[in-house]
Structure formats: structure tokens, C-alpha cells
Amino acid sequence: MYFPIGRNVPCPYEKIMAKIRILPDRVANQIAAGEVVERPAAVVKELIENSIDAGAQKIEIEFRNGGKSYLRVEDDGCGMNPDQALLCLERHATSKIRKASDLDEIQTFGFRGEALPSISSVSRFTLRTRTEENSEGNEILINGGKMIHVKECGMPVGTRIEVAYLFNSVPGRRKFLKTEVTESSHIIHLAKLYALAHPGITFSLIDGSRTLFRSPACEDLLDRVREIFGKSLAECLAPIEIESGGMNLGGLLGKPGYSRPTRKEMLFYVNRRPVESKTMSYALLEAYHTYAPKGRFPPAVLFLSLDSSLVDVNIHPAKRELRFREEIKVRGFLIDSILHAIKQISGEKMVESKAIELERDSHSGQMVPKIDDRLLDRYKPVHSPHPIPGVADLKPELDFSNKVKTKTLSDETPPADSNQGGLAEKSDPRPVVGLRGDMNVTWRLIDRSHGNMALFSTPQGLVVGHSRSACETIRFEGLKAAFVTTRKASSQSLLLSDSLELDGAESAYLQKCIPQLGEIGFAIEEFGRNFFRMQACPTWLEPEKAHTFLRDFLEIASDSGGESKIEIYVKEAMVRQATKNIGSHESFSEDEIIRLSNQLLACRNPYTCPQGRPIYYELPLRDFENRFQRKL
Ligand code: ADP
Ligand code: MG
């Protein structure tokens, strides 16, 4: 306790000590209310949780003035008989735990028996409740902790709690409440959180006379997202379900390429309880590292289930915070599961990573990824494309086995079936890019007049792509695929060994990881203080690029302290390699764009570039129809 010190300041010590006493329940409840119900949304939370614990199939929530003047939560759960109804308003009265050891295995939301007495001590509180065994319900009215009346009332089975004039009796707390808009938004967010976690319960949310959402029980979580958050969020989420080591991660995860400006749609649950978990949000962001641009956030609704004895929820009365008993294990499981799920969603598993063949572009004479000639022949632009000078060295160089297959388009006779295939109308002269799995999905190139921007028309709307990012991604994935397939053993000797002079830190790090680099195909030896010689490099690396690659690798490793696995630095160095030497340029030619886009769609992750920025995005027809306010 703090006592002011000063000559003329009377010390209240004696006065306080002389009157030590146990606080009356009402005051104790009002103090506890400060912790349990700091704002109207917290009241709503406690009441919704009680309704779910009571086995409700239907929950209706109504609020007025951001919940400051009125709140109602009504359910069709088991209700309470008259004795229980009175008892539940006593402090520490709970039907949910009996002994301290039950705390280790909490299955219900509530367990403290604090919410109802706290709320009723700081509001005008009306409880109406009825069980199936009782023909009448019971109504209890409490004002600021004082019982006003208890009487019978007619009502269906269930419980209805109204909370009016919250904190009116505690002006000190009331002044901390924010504006009506802010308090409303907290209530809405909270109701959505619980509705998402319980799609089997019908939820309604009403603001005054306006119904904000009414979501009937649904089997599918995605349906619930569509109903309460809208179609556009539902479209960018995909379901996931992963189980390992006694833990399960389910829910919905943002498809790579979709991101949000805030964390608002990163929703986490542990054992169906909504939580704000640093561990979970860290794992999500870490896993999306290269899939979402910097400063943007992946949408996700993630449910982690694990043995309740491994989670400590009893660290704060509001129970929003939680602690994992095996933090590191949980984090590892989350990152691995999310990464696995992202790959599945983006089709990484389904698209075979085959070696990319190159061919010579007839216009620029450069090697570019080979695509189905039918596409080019059939949908050749009406005007022959003029390659822009200077784009020559922009093309992905992806043949890591050095077996370059050379051919020009003019050498090729179109295949016999070149008039079939249903890729697009033959009469349409616009170039078309194919196919990610579906033969009918076509992108028709419309325009490429703005630098790297390429505009395509698709059956679903328009696609705007960034050609240079596409090029970087193709290079990066090519390197990665070659690295994975040739990983061990395959090494190529350099004609002339390459020497490197390093600074102290880099030199120490290189010394340490020479054996590991050896495993992936580098033969390096030290031949003097801070001097090294490279005699061989992996086959996935072009010999003339091995020197810069190794320098990049060392720079990245020493910048980040050299603590991580070398694979991580190798990957970062690949990113640099893939994005290097794509000099400044005006634009890619139409043929080049078709090649790049076609190749891109065969990539494992065609949505984001190696640095995590989007490569293309779609403008669905629906957006245009919304703008035009009519069908197209
Ligand atoms: P806790 O939820 O921690 O047990 P509360 O103060 O929220 O504490 O509730 C006290 C008790 O009142 C609960 O344990 C439960 O038995 C009963 N109760 C509260 N709300 C409801 C409800 N909506 N339906 C049925 N019983 C309820
Ligand atoms: Mg409760």
C-alpha cells in the first residue's frame, strides 16, 4: 500500500489498520466485476459462455447503445430451478467444478462462479429461467447488487438475462467505457467469434431494432463464415485438418495470395475457446512468411485441440489469455501443420515438379521456358509482337542439368490435333495462357501496356499479373525443385577452382558448415587464414553463379547470426539468385508473357513471389456487377 510521506501529511495508517474487516459481498462483487466485466462485450462473453455450457441450441443476443444501456442474452438451454437461480448469484457458486483438481480438466467455459454475481452487482440485472421439470419460470431482479424481487413468470425452457445500465452504480468504471461505436464493434466481434466456434448453434445478433446476423445451425464452418462475415472472406479460405502427437489443428486457412490489411481475421481457438495467443499468431505468420506480403496478414480461423491438462486457462479471470505447458512442442506442431496445409491448398503436392525445359524465343533469341506450342500457334496475336530491346536476359534460366533443348517456334509443325482441345475459340486471336488442372480455364492476354502489368480476361473476370514477379517465381521454384531432387551427391567440378577471401565472421561460419555444404554438393577447402577455395558446386547451380551464390549465402547467414539450419540460408540465397539480373526493363513481349504466365500456373505457389508479394490477383465479375449495379 502506498502512503504519502511528508512532514505535514497525516499518515492514514492507524485509521486503516484499526478498521480491518471482511468486505461485504456486494462490495467484493463490485471489485471482482472490475476484473471479469471490464466492458459490455465482456458481459456478453460471460453470458454466451453460460448459454453454451447450458447446452443451448439457440442463442439470441441483443444490445442497445453499444451495450451500455441494455443487453440481453437468451437461450434455450437447460435453465435453472428456483433454488439454483438464487444460488447462481452467490459468489463462487458454480455447477461446473467441485474440487481444485477439476481445474486441470476443464471442459466448460465457466468454472469460477464469478460472472453472474459480478455483473448483477454493477447493473440492473434481470434473470428469468426455467427448467423442463418446472412448469413456471422464475424471475429475479437485482439492482446494483441489491435484490429487488423474486417471482414466478411464464416462459419457455431456457434462460434469459437482461443487463441494463451497466456500471451506472460505479461511475468510476462507466467513464472508462468507449464510444457506442467502439463498444458495439467489440460485441459484434465477440458474437462472431463464438458463432464461428459453434456452427451447430443458431446464433442471432440484434443491435436495437436491426438484426446484424441470424445464422441457423449449419454443418459446415465455411457456411457460417459466409453468413456472418460475407462471401468474400469465405472465398479466400480453405478447410484444413491435421492431427499429430495428440494435437489437432482444424478450421479454415487463407489461400496463399489472399491477405488482409489487419489481424482482425486471424481468429484462434484452443479447445473451442477463443483466445488471443501469441504462440498461435506467431506460428501463422511464420508459416506464411513467403506467402503473404510484408505488413499484410493471412485470414485464418484456427481451432487447436489438445489435452486440456496441457493448457492453463486459469491465469486471468477473463480467460482470454492462456499458457501452453509445452510451448515449444505446440509451436512446432502449429508451424509444421500450417506449412503443410498451405502447400496442400496451393496444390504443391498435386503439381509435379518436373524439370523445366527451355526453348529459344524466336524474337529475342533467348532461352525461355517451353510451353505447349499449340497455345502460341493457335492464339498468336494478330500483330506480331515486337520484343522490347533489353529484355534478353530476363528470362528464367531453369535448366539446371545443363541439357538445353533448343528449338525455334518456326521449326515446329503444329501437332495434328492443334485444332482441338477446347482451350478457347479458334476465331479469337488473343493469346491464351493455360491451365492449372482445368483444361477449360483460360487466361486471355488483353493488354501489357503498363510496365510489368499484364491484363488477362478469364471466365471468372479479369486477372492482373506482374510479369517480373512471375519470372522471379519461376526461377526460384526451378532452383528449389532442382535442389530438392538432386540434394545429395550430385556435384559438378569447377574448371578452375574459385577462391574466396572472407571477413572473420563469415570465415568462422564457413569453416563450421563446410561439411554440411559438402552434403549438398559444394566442395570447399580452407587454404590460408580467411581464404577458401571452391572446387565443386551442386549441379543445380550454374558454375559461373556459384561464387555469388556462396557469397550471398554467407552474407545472409552472418547477418542473421548463423543460428538457423543452413537450408534456410540456402533458400534465402536462392531467392536472391532468382531475383538477380532481371535488369530494368520496360515490358515483356506478348509471347514472353504467355510463356511466363503459363509456366507460372504450373508452379507450386503461383500466388506470391519469393519475397512474399502477390504475383497476380483476380477481379471477379461480381465486383464489376456490383459497380455497375446490374448484370454484365
Ligand atoms: P460459472 O460459469 O463460472 O460457473 P457463472 O457466474 O457464470 O459462473 O454462473 C454460475 C452458475 O449459474 C453456472 O455454474 C450455471 O450452473 C448457472 N448458469 C448460469 N447461466 C446459465 C444459463 N444460461 N443456463 C443455465 N444455467 C446457467
Ligand atoms: Mg460463466
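Structure report, in brief. Each chain carries its own residue numbering, running from 1 in the direction its sequence is written. Starting at A for chains and at 1 for ligands, labels are handed out in the order in which the entities are written. Where local features are concerned, this predicted model is filtered to residues with pLDDT of at least 70; where side-chain atom pairs are given and counted, the filter is 80 or more; whole-chain, interface and lining totals use all residues. Only hydrogens and water are set aside when side-chain values are computed; all heavy atoms of the structure are taken into account.

Re the nonpolar core
Here is step 1 of the chain: Of all hydrophobic cores here, the largest spans 56 residues; its most connected members are I48, I59, I61, F125, L127, V163 and F203.
Here is step 2 of the chain: Think of it this way: any DSSP run of H or I at least four residues long counts as a helix, any run of E at least two long counts as a strand, and we number them from the N terminus. Among the elements that line this core, the one with the most residues is helix α7 (residues 180-197), at 8 residues.
Here is step 3 of the chain: Every residue pair with non-hydrogen atoms within 4.5 Å of one another is taken to be in contact. The residues contacting F125, other than those within four sequence positions of it, are L89, L116, I119, S120, I140, L141, I142, I161, E162 and V163.
Here is step 4 of the chain: With 33 residues, the next largest nonpolar core counts Y509, C513, W540 and A573 among its residues. As used in this record, nonpolar core signifies buried Ala, Val, Leu, Ile, Met, Phe, Trp, Tyr and Cys residues forming a set joined through side-chain atoms within 4.5 Å. Accessible area is worked out with a 1.4 Å probe on protein chains only. A residue is then buried under 20% of its type maximum, exposed over 50%, and partly exposed in between.

Overview of the packing of helix α15 (residues 546-559) against helix α16 (residues 566-579)
Here is step 1 of the chain: Helix axes use the C-alpha atoms of the stretch in contact, all axes being lines fitted to C-alpha atoms, and the angles between their N-to-C directions lie in the range 0 to 180 degrees. α16 packs onto α15 with a crossing angle of 125 degrees between their chain directions and a minimal axis gap of 8 Å. Regarding the angle of α15 to α16, the classification is oblique. Note that α15 runs across α16; the crossing there is right-handed. Listed contacts from α16 to F549, D552, F553, E555, I556 and A557 of α15 are I566, Y569, V570, E572, A573, M574, R576 and Q577. Any angle that falls under 35 degrees is termed roughly parallel, while one over 145 is termed roughly antiparallel, one within 65 to 115 roughly perpendicular, and all others oblique. By definition, turning the near helix anticlockwise from the far helix through less than a right angle yields a left-handed crossing, and turning it clockwise yields a right-handed one.

Concerning the pairing of strand β1 (residues 58-64)
Here is step 1 of the chain: In terms of strand pairing, β1 meets strand β7 (residues 202-207) through 6 bridges, oriented parallel. Within the sheet, the bridge partner assigned to F63 lies in β7 and is D207.
Here is step 2 of the chain: Judged from the 6 bridges that link them, β1 and strand β2 (residues 70-75) form a sheet pairing that is antiparallel. Within β2, the position partnered with R64 by the bridge is Y70.
Here is step 3 of the chain: Whether two strands pair depends on DSSP finding at least two bridges between them. Hairpin geometry of β1 and β2 is characterised by an intervening segment of 5 residues between the two adjacent antiparallel strands and by a positive phi of about 50 degrees at N65.

Details of the sheet that holds strand β9 (residues 237-244)
Here is step 1 of the chain: Pairing in this open sheet of 5 strands is mixed, and the strands run β9-β10-β13-β11-β12 from one edge to the other. Strand pairing shows two members of the sheet lacking a second neighbour, β9 and β12 (273-275), which therefore form its edges. In this sheet, adjacent strand axes meet at a mean angle of 20 degrees when their direction is disregarded.
Here is step 2 of the chain: In this sheet, strand β13 (residues 300-305) lies alongside strand β10 (residues 247-254) in antiparallel orientation, the contact comprising 6 bridges. Among the inter-strand pairings, L249 is bridged to a residue of β13, identified as L304.
Here is step 3 of the chain: Against the sheet, helix α8 (residues 221-229) makes contact with β9, β10, β11 (266-270) and β13, and its axis sits at roughly 45 degrees relative to β10, the strand it touches most.

Describing the side chain of T458
Here is step 1 of the chain: As for its position among the elements, T458 is in strand β20 (residues 453-458).
Here is step 2 of the chain: Using a relative accessible area of 8% as the deciding quantity, one classes T458 as buried.
Here is step 3 of the chain: Leaving out residues up to four positions away in the same chain, T458 has contacts with T442, W443, V463 and E618.

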